[in-house]
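Spelled out from the first residue to the last, the chains are:
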Amino acid sequence: MSHGKLVPLSDYQEYPVEEMKSRSEKFYQMMRKRRTVRDFDTRTVPREIIESCLLTAGTAPNGANMQPWTFVAISASDIKAKIRHAAEEVEREFYQNRAPDYWLEALGPLGTDENKPHLEEAPYLIVVFSKQFSTTADGERLHNYYISESVGIAMGFLISAIHNAGLASLTHTPKPMSFLRELLNRPKSETPVLILAVGYPKKDACVPSITKKPLEEIAVFVD
Ligand code: IYR
């Protein structure tokens, strides 16, 4: 079987076991401090930080390395306002008509409703699109593989990179989201999957009192 051109794995670094233990524990302690934040300060964030975080997202493993994603990073106030108004319209319909009672009950502890001021207050909105197919320079269509898995992993990398940089984020998924494709002039081959609001939390920001499941509830070891 041909593997194309392979090059040496020159960037891999092995650590002594004790160092691995401490690195993995430190990373967990850093990541467990991440909280989804709904109250953003309007202070601006340097574009360079957003660029590094997007480059991190772009390193995610993905199907056949097709990299089936586009990240649209928006700091323009007029576009953020348009996104807010369109999102509030679909959310109003969700909260007032479409959402079944069990869903509204599940959202109760989070305190969410149809008002989405964070979509204007956060200095950056990153809208993540998945690409149903890719296109070569001469217009030929190329198949993309494991699109939702690939984009999901990339979004995880992005959220982690933003947290690591010292910023907060909010995953927001108004449904239906197709208004984002039109508003941001993206081609039909791209499907919006997430709005990630990014910025500093407001000084008095509060978060829901929730906990994460212990290891025994989320993992099984088969030794
Ligand atoms: N998209 C709505 C509702 C919502 C749904 C879930 I599941 C959440 O974890 C949070 C919100 C909204 O953003 O308000």
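Here the structure is shown first, and the text comes after it.
Since we're looking at a predicted model, the values are computed, not measured. (Residues numbered from 1 in each chain as written. Predicted model: local features only at pLDDT ≥ 70, side-chain atom pairs only at ≥ 80, totals over all residues. Heavy atoms only, no water.)

Novice: Can you help me understand the pattern of salt bridges in this one?
Specialist: Where charged atoms from two side chains of opposite charge approach closely, those side chains can pair. Taken as a whole and judged by the stated rule, the model has seven salt bridges. Residue K21 pairs with E18 through a salt bridge whose shortest N-O separation is 3.2 Å. Highlighted residues: K21 and E18, both in helix α1 (residues 17–31), separated by three residues, approximately one helical turn. Under the relative-accessibility criterion, K21 is labelled partly exposed at 48%. Taking relative accessible area as the criterion, E18 reaches 55% and is therefore assigned exposed. We note a salt bridge from D41 to R43, for which the minimum N-O separation is 3.6 Å. Overall, D41 belongs to the buried group, its relative accessible area being 17%. Linked through salt bridges whose partners overlap, the residues forming this network are R84, E88 and E120. (Salt bridge = Lys/Arg side-chain N within 4 Å of Asp/Glu carboxyl O. Helix = DSSP H or I, 4+ residues; strand = E, 2+ residues; numbered from the N terminus. Buried < 20%, exposed > 50% of the residue type's maximum accessible area, 1.4 Å probe, protein only.)

Novice: Whenever I open this one, unusual backbone geometry confuses me. Can you help?
Specialist: Across residues other than glycine, the phi torsion is negative in most instances, and most of the peptide bonds are trans. Cis geometry is found at the peptide bond from K175 to P176, where omega equals -5°. In this structure, Q67 is a non-glycine residue whose phi angle is positive, near 50°.

Novice: Hey, could you run me through the sheet that holds strand β6 (residues 190–199) in this one?
Specialist: As a general point, the strands of a sheet are linked pairwise by backbone hydrogen bonds and lie either parallel or antiparallel. Read from one edge to the other, the open sheet built from four strands follows the order β1-β2-β6-β5, with strand pairing classed as antiparallel. The open sheet has two edge strands, β1 (69–74) and β5 (168–172), and neither has a second partner. Averaged over all adjacent pairs, the angle separating strand axes in this sheet is 25°, with direction ignored. Sheet topology places strand β2 (residues 124–131) next to β6; eight bridges connect them, and they run antiparallel. (Pairing = 2+ DSSP bridges. Axes fitted to C-alpha atoms, helices over the stretch in contact; angles between N-to-C directions.)

Novice: What am I meant to see in the site of the ligand here?
Specialist: The ligand sits among E91, F94, Y95, W103, L107, L110, T112, K116, H172 and T173. With respect to the ligand, the side chain of E91 contributes an N or O atom lying 3.1 Å from a nitrogen atom. Taking K116, its side chain carries an N or O atom lying 2.5 Å from an oxygen atom of the ligand. Here the ligand, which alone exposes 380 Å², has 69% of that area covered by the protein. Breaking the shell around the ligand down by element, the ones donating at least two residues are α3 (77–98) and α4 (101–107). Counting residues per element, the shell around the ligand draws most heavily on α3, which supplies three residues. Residues belonging to the shell around the ligand are distributed by class as follows: five nonpolar, three polar and two charged. (Near = heavy atom within 4 Å. Polar contact = N/O pair within 3.5 Å; in protein donor to acceptor, adjacent residues only side chain to side chain. Areas by Shrake-Rupley, 256 points an atom, 1.4 Å probe, with all protein chains shown as cover. Nonpolar A, V, L, I, M, F, W, Y, C, P; charged D, E, K, R; others polar.)

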